[in-house]
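Chain and residue survey
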Amino acid sequence: SKMDGWNLDTTKDEIRNFLTVAFHFSIADLFLSIAMIVAASCLIYGVRKENSNFLIPAMIVWPLDLFVRIIFVFIHTINLGFFNPISLVMNAMLCCGIVFDIFIWLCVYSHWQQLRAKDQFQPKKIRLGQPSFYSIQLNSAQ
């Protein structure tokens, strides 16, 4: 039967199915949110300290989020149909997130490349008071 009082062409079974999928999506979203907090923290530290290694978690988490969003777009479309009002709204929101994930990843990857290039052309810093590779060779040659 159609929902009474609502002007949606959606049955109670479709809504029940949507709520089941939404529950599973919220579990995946919880783990991704925790991973994003860790990755974003590493990203902030890596950008401030100019350390390219701390950008790697962000370059892994955002594509993972993109992949999960794409899976849920397909799940909503398969379960409810493409033109179902609930499916259209959810897929529109998920697609916005997919676009943001792509741009965020491109920014992080671009900055990671800049830091890597800077590391390759910048000579390593030698701290005074600590033996360096060259001073060890000079001492052993005498």
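Structural data are supplied above this passage.
Counting restarts for each chain, with residues numbered from 1 along the sequence as it is written. At least 70 in pLDDT is required for a residue's local features to be given in this predicted model, at least 80 for side-chain atom pairs to be given and counted, and no such filter applies to totals for whole chains, interfaces and linings, which use all residues. Side-chain calculation: all heavy atoms of the structure are included, whereas hydrogens and water are not.

A few words now on the overall build of the protein chain. On a plain count of helices and strands, the protein chain comes out with four helices and zero strands. By the criteria applied, helices consist of DSSP H or I runs no shorter than four residues and strands consist of E runs no shorter than two, each listed in order from the N terminus. Ordered by position from the N terminus, the helices and strands of the protein chain form the series α-α-α-α. A buried classification covers 26% of the 142 residues belonging to the protein chain. When contacts within the protein chain are restricted to residue pairs at least 6 apart in sequence, those whose partners lie at least 24 apart make up 63%. In these tables, accessible area is a Shrake-Rupley quantity obtained with a 1.4 Å probe, and a residue counts as shielded only by the protein chains included in the view. Summed over all atoms, the accessible surface of the protein chain reaches about 10,500 Å², with 68% contributed by carbon and sulfur. Relative accessibility thresholds used throughout: buried, under 20% of the residue-type maximum; exposed, over 50%; partly exposed, between the two (1.4 Å probe, protein chains only). By definition in these notes, contact holds between two residues if any of their heavy atoms fall within 4.5 Å.

With that out of the way, let us pick up the packing of aromatic side chains. Two aromatic rings are characterised by how far apart their centres lie and by the angle between their planes. Stacked, tilted and edge-to-face are the three classes applied to pairs of Phe, Tyr and Trp rings, where Trp contributes its six-membered ring and a pair requires centres within 6.5 Å; stacked means planes under 30 degrees apart, edge-to-face means over 60, and tilted covers the rest. This structure, assessed with the given rule, holds five aromatic pairs. Judged by centre distance (4.7 Å) and plane angle (70°), the rings of Tyr45 and Phe54 are edge-to-face. Judged by its relative accessible area of 40%, Tyr45 falls in the partly exposed class. Judged by its relative accessible area of 30%, Phe54 falls in the partly exposed class. On the basis of an interplanar angle of 90° and a centroid distance of 5.0 Å, the ring pair of Phe82 and Phe83 is categorised as edge-to-face. Of the residues examined, Phe82 reaches a relative accessible area of 47% and is grouped as partly exposed. On the basis of relative accessibility, which here comes to 68%, the residue Phe83 falls in the exposed class. Linked through ring pairs, Trp105, Tyr109 and Trp112 together constitute an aromatic cluster.

To estimate how far a helix should extend, the number of its residues minus one is multiplied by 1.5 Å. Taking 1.5 Å of rise per residue, 25 residues should cover 36 Å, and helix H2 (residues 56-80) covers 37 Å from first to last C-alpha, within 8% of that figure. Of all the residues in H2, the buried ones are Ala58, Met59, Val61, Trp62, Asp65, Leu66, Val68, Arg69, Phe72, Val73, His76 and Leu80. Among the residues trailing H2, Gly81 stands out with phi positive, at a value near 95°.

To define axes, lines are fitted to C-alpha atoms, for helices over the stretch in contact only, and angles between the resulting N-to-C directions are given on a 0 to 180 degree scale. Where helix H1 (residues 12-49) meets H2, the axes come as close as 9 Å, and the angle between the chain directions of the two elements is 175°. The angle between the axes of H1 and H2 places the two elements in the roughly antiparallel class. For this classification, Asp, Glu, Lys and Arg are treated as charged, while Ala, Val, Leu, Ile, Met, Phe, Trp, Tyr, Cys and Pro are nonpolar and the rest, including Gly, are polar. When its residues are assigned to classes, the contact of H1 with H2 shows 20 nonpolar, four polar and two charged. An angle counts as roughly parallel when it lies under 35 degrees, as roughly antiparallel when it exceeds 145, as roughly perpendicular when it falls between 65 and 115, and as oblique in every other case.

A turn of α-helix holds 3.6 residues, and therefore any two residues three or four places apart point the same way. The end-to-end C-alpha distance of H1, which contains 38 residues, comes to 54 Å, matching closely the 56 Å that a straight helix rising 1.5 Å per residue would cover. Buried residues along H1 sit in contact with H2 and helix H3 (85-121). Two residues or fewer after H1 comes Glu50, characterised by a positive phi angle close to 55°.

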